[in-house]
Amino acid sequence: MPELRKDPVIGRWVIIATERARRPGVFLDSQKNTFEEAACAFCDNKDKEIFSIRAYSGAPWRVRVVESGTPLLSSHGKFSRHGHGLYDVVNDYGAHEVVIETPEHIANMADLTQEQIRMVFETYAVRYNELNKNTNFQYVIAYKNYGWAAGSRRIGHSRSQIIATSVNPFSAKEKLAGAKKYYNYRERCLYCDMIQQELDAKVRIIAETEHFVAMTPFAPRFVFEIWILPKKHNCDFAKGVVGQEHDLAGLMKIVLTKIKIGLDDPAYNYVIHSAPFRHGETGAKWKTLAEDYHWHIEVLPRLTRVAGFERGSGFYISSIPPESVAEFLREVKING
Amino acid sequence: MAEVRRDPIIGRWVIVEGREKSLGPAQYEKELHVSKQAAICQFCNDRESQTPPEVDAIRPGAYAPNTVGWQARVVPNKFPALRIEGELNRRGVGLYDMTNGIGAHEIVIETPDHLKNFADYSVAEAVQVIKLFQNRSASLARDKRFKYIMIFKNYGQSAGASVEHAHSQIIALPMVPKYVAEELEGAQKYYDFRGRCVFCDMIEQEYQDKRRIITSNDGFVSFCPFVPRYPFESWIFPKEHTVDFVTMGDKEREQLAGILKDVLLRMKICLSDPSYNFYLHVMPVGYENPQSYHWHIEIVPQLTRVAGFEWGTGFYVVRTAPSVAAEYLRGATQ
């Protein structure tokens, strides 16, 4: 019997339709992430550097942040808003940066060392704090597209992106509103309660470290969707991650290696969800934010296509229950 | 210059490329629809026994159900996402909510012809498909367990179609889906504030602006929305607020059939036969605020892959300005 499950944060219902696993053509053809291996623009990168990690001044870079060559948004002009009849419009003010995660030509973050991944998280935190100084920015998101089906171009060099926007994106608003509603009712953080329940139940846990837990969500949008949550409450990624970068990098490497081995190197996205910038504001909108919101990472392997039903309804269909996914991933053996 | 635009109904922000840098149809990857299936399949004429027994059909002659002679038929899905048997049973698991998966999942086989698809239909053929959408909506709405009837179509592999033979789908749900609920709420808020339907106002503004209009007839208008989620996204609205989808009569049905196949044909010509989805956004069963909602069809061709930024933020990036898309679609005629 299929089940309908409700996401506890934003209230999205999803269908866990196990019988559809037999349906032909559910999974994409085994995704071989083929890359165009001509001169790589990231190996010997000459773009204008925004930030880098080096062993000492003048040493070769180990992680490097540059402006995107094809920016979606830019902060060269001035921020402006205008109306157009019943529509609201703002200009393309924002920031779009590329994080080159390693000087080596390695495609998948799963194959970087834990220390290298640690430096990537440290870099994100530095950029969050720096972008927070611009009071026109309301939200920053760090994310990765790996593989063609995840929206990446065919580039075999591990990298991720950071975008700062002058408005709060829709999904962030939904998550914030859901978490706040729960907090208003129970005076506790929804994510803290969820982590507690998941650690007790164990069925959806994939792996756990001192500071973090990796689990499949109760009501996933995608098959093999994974959430990584910090055990210690903090609404901000850049503040919460301090001192825990190494631990987080270790868990991220485990998760990415498990999906690489278990799912034959699939395309995937990951996204860091953190609280919006408040710029010193403490009004009603943000009053309980520090207590009610909890930063986290979503890892989304891209194995299925989204079709008309999902696009039109916002209802998602999963053909494997998240409990089976977690069990499968727990059992995937990784070296080291 | 790119702009960040807010959807006036649900409040979603979208990054829309400026006109001068907008991508034209040729700059999107082409998808070849390579046939992987036999030219005769389970949905073809004279294969009726291979599907579950039909629940409705348009069969003009004196043929019996589940035999030849039909022009369009509706059958339950062999691999349903939801099951029709049983009572709805809501329960909690700690802080989570769930129910058993009660619902209906039906397939509308739009034509006996294995090679045809919606863009190629005559108006009369398209009318039959819409008639079946209406019949099934009315019938499923009588089941007290169902709150929403979702009608949609997947055409082509990258739009999620696993069967080539032209078909669309109907799913009856025990709750109102999220996107529709958000639209209903946004539209009601606008109505409370202004006493008018936001979609009527939008249609009026689009008529005055003209740049995003694709085509129209006496009863319906199609335009590219000011705040799309996908490049070349196109919407179809009845011009009159009072036209109801389920009870729509012969005249409106024919007008809708005409404009729907027209827009799909324009996309086929202009975008080299892209994969696409369309879906109907209608009112929930027994909806109490019909003054604030205006049913419509959204058509989304699949030209790009949604990346991490979109999944993570709900912030879509559209590389073709809707006014540019509409210009291409206006010009695409045989």
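Residues numbered from 1 in each chain as written. Chains lettered and ligands numbered in written order. Predicted model: local features only at pLDDT ≥ 70, side-chain atom pairs only at ≥ 80, totals over all residues.

A. Spatial organisation of the overall build of chain B. Regarding its fold elements, chain B presents six helices and 15 strands. Since a compact globule built from 334 residues should have a radius of gyration of about 20 Å, the 20 Å found for chain B is in line with a globular shape. In terms of principal-axis extent, the alpha carbons of chain B reach across some 60 × 50 × 40 Å. Buried residues in chain B amount to 50% of all 334 residues. Across chain B, the fraction of contacts at a sequence separation of at least 24, relative to all contacts at a separation of at least 6, is 69%. (Helix = DSSP H or I, 4+ residues; strand = E, 2+ residues; numbered from the N terminus. Rg over C-alpha atoms; globule rule 2.2 N^0.38 Å. Buried ≥ 20, exposed ≤ 12 C-beta atoms within 10 Å, placed from the backbone. Contact = placed C-beta atoms within 7 Å.)

B. Focus on the overall build of chain A. Across its full length, chain A carries eight helices and 15 strands. In terms of C-alpha radius of gyration, chain A reaches 20 Å, essentially the compact-globule figure of 20 Å for 336 residues. With respect to the principal axes defined by its C-alpha atoms, chain A has extents near 60 × 50 × 45 Å. Residues counted as buried form 49% of the 336 residues belonging to chain A.

C. Quick peek at unusual backbone geometry. With a phi angle near 65°, Lys202(A) is a residue other than glycine that sits in the positive phi range. Topologically, Lys202(A) is positioned in the loop between helix 3 (190–201) and strand 10 (205–208).

D. Layout of helix 2 (residues 170–186) of chain A. All names here are of chain A. Given a rise of 1.5 Å per residue, 17 residues ought to cover 24 Å, and the 25 Å separating the end C-alpha atoms of helix 2 matches this to within 8%. Every buried residue of helix 2 is accounted for by Phe-170, Ala-172, Lys-175, Leu-176, Ala-179 and Tyr-182. With its phi angle positive at about 60°, Glu-187 sits one or two positions after the end of helix 2. (Expected span 1.5 Å × (residues − 1).)

E. Broad picture of helix 3 of chain A. All names here are of chain A. The first and last C-alpha atoms of helix 3 sit 16 Å apart over twelve residues, in line with the 16 Å expected at 1.5 Å per residue. Those residues of helix 3 that sit buried are Leu-190, Tyr-191, Met-194, Ile-195 and Glu-198. Looking straight down helix 3, one finds its buried side chains confined to an arc of 130°; they lie on one side. Once helix 3 ends, the next one or two residues include Lys-202, with phi positive near 65°. (Arc of directions from axis to C-beta.)

F. Representation of the pairing of strand 6 (residues 87–91) of chain A within the structure. Examined bridge by bridge, strand 5 (residues 81–84) of chain A and strand 6 of chain A share four bridges and lie antiparallel to one another. Bridge pairing links Arg81(A) to Val90(A) in strand 6 of chain A. Linking strand 5 of chain A back to strand 6 of chain A in an antiparallel pair, the connection comprises two residues, with Gly85(A) at a positive phi of about 60°. In terms of strand pairing, strand 6 of chain A meets strand 1 (residues 3–6) of chain B through four bridges, oriented antiparallel. Looking at strand 1 of chain B, one finds that Val89(A) is bridged to Arg5(B). (Pairing = 2+ DSSP bridges.)

G. A look at the sheet that holds strand 5 (residues 90–93) of chain B. Read across the sheet, five strands follow the order 15(A)-2(A)-1(A)-6(B)-5(B) without closing on themselves; strand pairing throughout is mixed. Edge positions in the open sheet fall to strand 15 (316–318) of chain A together with strand 5 of chain B, since each of these has one partner strand only. Strand after strand, the sheet turns through a mean of 30° between neighbouring axes, direction not considered. One ladder, built from four bridges, connects strand 1 (residues 3–6) of chain A with strand 2 (residues 13–16) of chain A; its direction is antiparallel. (Axes fitted to C-alpha atoms, helices over the stretch in contact; angles between N-to-C directions.)

H. Local environment of the confidence of the model for chain A. In the predicted model, chain A carries a mean pLDDT of 89, and 95% of its residues have values of at least 70. Scored below 50 in pLDDT, residues 22–30 of chain A makes 16 contacts in the model with residues more than four places away or belonging to other chains. (pLDDT = per-residue confidence, 0-100.)

I. Seen up close, the confidence of the model for chain B. Mean pLDDT for chain B: 92, with 98% of residues reaching 70 or above. At the level of chain-chain contacts, confidence expressed as ipTM amounts to 0.87, with global pTM at 0.92.

J. Expanded view of the sheet that holds strand 13 (residues 268–273) of chain A. Residue and element names in this part refer to chain A. If you walk across this open sheet you meet the ten strands as 3-4-7-9-8-13-14-12-11-10, and the pairing is antiparallel. One side of each edge strand has no neighbouring strand; the edge strands of this open sheet are strand 3 (49–54) and strand 10. The mean inter-strand angle of the sheet, taken between neighbouring strand axes irrespective of direction, is 20°. For strand 8 (residues 139–146) and strand 9 (residues 159–165), the ladder comprises five bridges, and the chain directions are antiparallel. The partner of Tyr-143 across the bridge, within strand 9, is Gln-161. Of the strands in this sheet, strand 10, strand 11 (212–215), strand 12 (226–230) and strand 14 (296–301) touch helix 3, which is tilted by about 70° from strand 11.

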